[in-house]
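Structure assessment
One-letter residues, chain by chain:
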Amino acid sequence: MVKHMILWTLNPELSEEEKKAVKAGIKEGLEGLVGKVPGLLECKVYIDGRLSSSTADLMLDSTLESPEALKGYKDHPAHLAVANGKVRPYTVQRSCLDFEI
């Protein structure tokens, strides 16, 4: 199995209200991919409870069946629709950590 974890920083030009809406949209979009993307077993997006010591605004914690499933996830049309429509237009920084468990 593979963990796929992402940290994003939102565009600082967004208002607090816009950030809240963007985070909710990212959460809904990515968590909704379970059952649609082969090999995606779990997907949780953390958008609340951020402490002031944080350097990112939200986090994706997902589990996939295999490294091959991760490759398929990255190119899956449903994932690309969320990434291109709900994530990339609103983020300025992304950090990724993929590892086998």
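Notes on the structure follow. (Residues numbered from 1 in each chain as written. Predicted model: local features only at pLDDT ≥ 70, side-chain atom pairs only at ≥ 80, totals over all residues. Heavy atoms only, no water.)

1. Let's talk about the packing of helix α1 (residues 16-31) against helix α3 (residues 77-87)
Contact pair α1 / α3: the axes reach a minimum separation of 10 Å and the direction vectors enclose 180°. One finds that α1 runs roughly antiparallel with respect to α3. Here V22, G25, I26, G29 and L30 of α1 lie close against α3, whose contacting residues are H79, V82, K86 and V87. Its residues assigned to classes, the contact of α1 with α3 comprises five nonpolar, three polar and one charged. (Axes fitted to C-alpha atoms, helices over the stretch in contact; angles between N-to-C directions. Helix = DSSP H or I, 4+ residues; strand = E, 2+ residues; numbered from the N terminus. Parallel < 35°, antiparallel > 145°, perpendicular 65-115°, else oblique. Contact = heavy atoms within 4.5 Å. Nonpolar A, V, L, I, M, F, W, Y, C, P; charged D, E, K, R; others polar.)

2. With respect to the pattern of salt bridges
By the definition in use, this model includes five salt bridges. Ionic pairing is found between K27 and E31, a salt bridge with its closest N-O pair at 2.9 Å. Pair noted here: K27 and E31 are both in helix α1, with a separation of four residues, about one helical turn. K74 is the partner of D98 in a salt bridge, and the nearest nitrogen-oxygen pair spans 3.6 Å. One end of the pair, D98, is in strand β4 (residues 91-100); the other, K74, is in helix α2 (residues 67-75), with 24 residues separating them in the sequence. Of the residues examined, D98 reaches a relative accessible area of 30% and is grouped as partly exposed. (Salt bridge = Lys/Arg side-chain N within 4 Å of Asp/Glu carboxyl O. Buried < 20%, exposed > 50% of the residue type's maximum accessible area, 1.4 Å probe, protein only.)

3. Overview of the nonpolar core
W8, I26, L30, L60 and Y73 are the most contacted members of the largest nonpolar core, which totals 22 residues. For this core, the secondary structure elements donating two or more residues are β1 (2-10), α1, β2 (40-46), β3 (58-64), α2 and α3. In terms of residues, this core owes the most to one element, β1, which gives four residues. Those residues within four positions of Y73 in sequence are excluded, and the remaining contacts are H4, L30, L33, V37, L40, L60, L64 and H79. (Core = buried A, V, L, I, M, F, W, Y, C linked by side-chain atoms within 4.5 Å.)

4. Considering the layout of surface pockets
The volume enclosed by the largest pocket comes to roughly 190 Å³. Lining the largest pocket are 13 residues, with W8, H79, A83, R88 and R94 positioned closest to its centre. Considered class by class, the residues forming the lining of the largest pocket number seven nonpolar, three polar and three charged. (1 Å grid on protein atoms, 1.4 Å probe; cavity = no way out; pocket = protein on both sides within 12 Å on 5 of 7 lines; lining within 4 Å. Points joined across faces, edges and corners; volume = space filled by probe spheres on them.)

5. With respect to the environment of S95
Note that S95 resides in strand β4. Taking C-alpha positions, S95 is 5.6 Å from I6, a pair spaced 89 residues apart along the chain. The residues touching S95, leaving out its near neighbours within four places in the chain, are M5, I6 and L7.

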